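Analysis of the macromolecular model
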Amino acid sequence: MEIQQEPTQTKKSRRDWATLSLGILALLIACVFMAGSIALDLIGEKTTGKLSNVAECSGSKSCWTSRVDFTTSTGEEITFYPLTFPMLLDFDPFLSGRPYEEYSEYQVRYLAEYPQVAKIKLTYFLEYINHICGVCVGAFLLLISAAFSSSRKANKPFVIDLSRK
């Protein structure tokens, strides 16, 4: 008869808690932003906004800070800074087939009650790449936290016996 020894319980270190907290925070923030973006796609008002570069560069640096100006259905002028990766803004005109004259015009979705809550709508839902990357980073941090947790090392290994008896 074999005597089962219970594994010793060890406390998680601060590093484990920090990694776990960071992973949960990154995953939660990415999910909230993705839910907000989906809500704007479903219930947001549509309009066309003008994209412009408002960066102030010194020297020979190349920099880009995108700003979108649009007019709401009530006539209010709104300006916002989209959180969309600038390279995706470059791909959109080519993928949508717009003429060169319309390259700086983008479809904008905003909440009618709070027009400052707005986003750019890109072709093939390219704006969701940012959110998907955020979810992947959060999931990766959670995976790393689980894999290298100090409390996991004290546990008995999980064995699958596939032999027939």
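Along each chain, residue indices are assigned from 1 in the same order as the chain's sequence is written. Given that this is a predicted model, residues contribute local features only at a pLDDT of at least 70 and side-chain atom pairs are listed and counted only at 80 or more, while totals for whole chains, interfaces and linings are drawn from all residues. Where side-chain values are given, they derive from all heavy atoms of the structure, hydrogens and water being excluded.

Observations regarding helix α3 (residues 128-147)
Counted only if it meets this: Helix and strand assignments follow DSSP, with helices taken as H or I runs no shorter than four residues and strands as E runs no shorter than two, numbered in order from the N terminus. One less than the residue count of a helix, multiplied by 1.5 Å, gives the span that helix is expected to have. Only protein chains enter the accessibility calculation, which uses a 1.4 Å probe; a residue whose area is less than 20% of its type maximum is buried, one above 50% is exposed, and one in between is partly exposed. By arc we mean the arc of the directions from the helix axis to the C-beta atoms, nothing more.
With 20 residues, α3 ought to run about 28 Å at 1.5 Å a step, and its terminal C-alpha atoms sit 28 Å apart, in line with that. Those residues of α3 lying buried are Tyr128, His131, Gly138, Leu141 and Ser145. Down the axis of α3, the buried side of the element spans an arc of 150 degrees, and every buried residue falls inside it. Opposite the buried face of α3, by more than 90 degrees, sit the exposed residues Phe140 and Leu143.

Digging into the nonpolar core
Stated formally: In this text, buried Ala, Val, Leu, Ile, Met, Phe, Trp, Tyr and Cys residues form a nonpolar core when linked through side-chain atoms within 4.5 Å. By definition, residues are in contact when any of their heavy atoms lie within 4.5 Å.
Counting 14 residues, the largest nonpolar core has Phe70, Phe80, Ile120 and Leu122 as its most contacted members. When residues of this core are traced back to their parent elements, those giving at least two are β2 (66-71), β3 (77-80), α2 (86-96), β4 (105-110) and β5 (118-121). Residue contributions to this core peak at 3 residues, all from β4. The contact partners of Phe80, leaving out residues within four places of it in the chain, are Arg67, Val68, Phe70, Val108, Ala118, Lys119 and Ile120.

As for the side chain of Glu127
Note the cut-off: Any pair of nitrogen or oxygen atoms within 3.5 Å is treated as a polar contact; in protein, a donor-acceptor pairing is required on top of that, and neighbouring residues in sequence qualify only through side-chain atoms on both sides.
Along the polypeptide, Glu127 turns up in the loop between β5 and α3. A distance of 3.0 Å separates a polar atom in the side chain of Glu127 from the backbone nitrogen of Leu122. Those residues within four positions of Glu127 in sequence are excluded, and the remaining contacts are Asp41, Thr84, Lys119, Ile120, Lys121 and Leu122.

Digging into the sheet that holds β4
Spelled out, the test is: Criterion used throughout: strands pair if DSSP finds at least two bridges between them. Where helices are involved, their axes are fitted lines through C-alpha atoms of the stretch in contact, as for all axes, and angles between N-to-C directions lie from 0 to 180°.
Strand order across the open sheet formed by 5 strands is β3-β2-β1-β4-β5, with antiparallel pairing between neighbours. Each having just a single partner strand, β3 and β5 make up the two edges of the open sheet. When the angles between neighbouring strand axes are averaged without regard to direction, this sheet yields 40 degrees. Of the pairings in the sheet, the one linking β2 to β3 comprises 4 bridges and is antiparallel in character. Paired with Val68 across the strands is Phe80, a residue of β3. On top of the sheet, α2 reaches β1 (45-53), β2, β4 and β5; it is set at about 115 degrees to β4, its chief contact.

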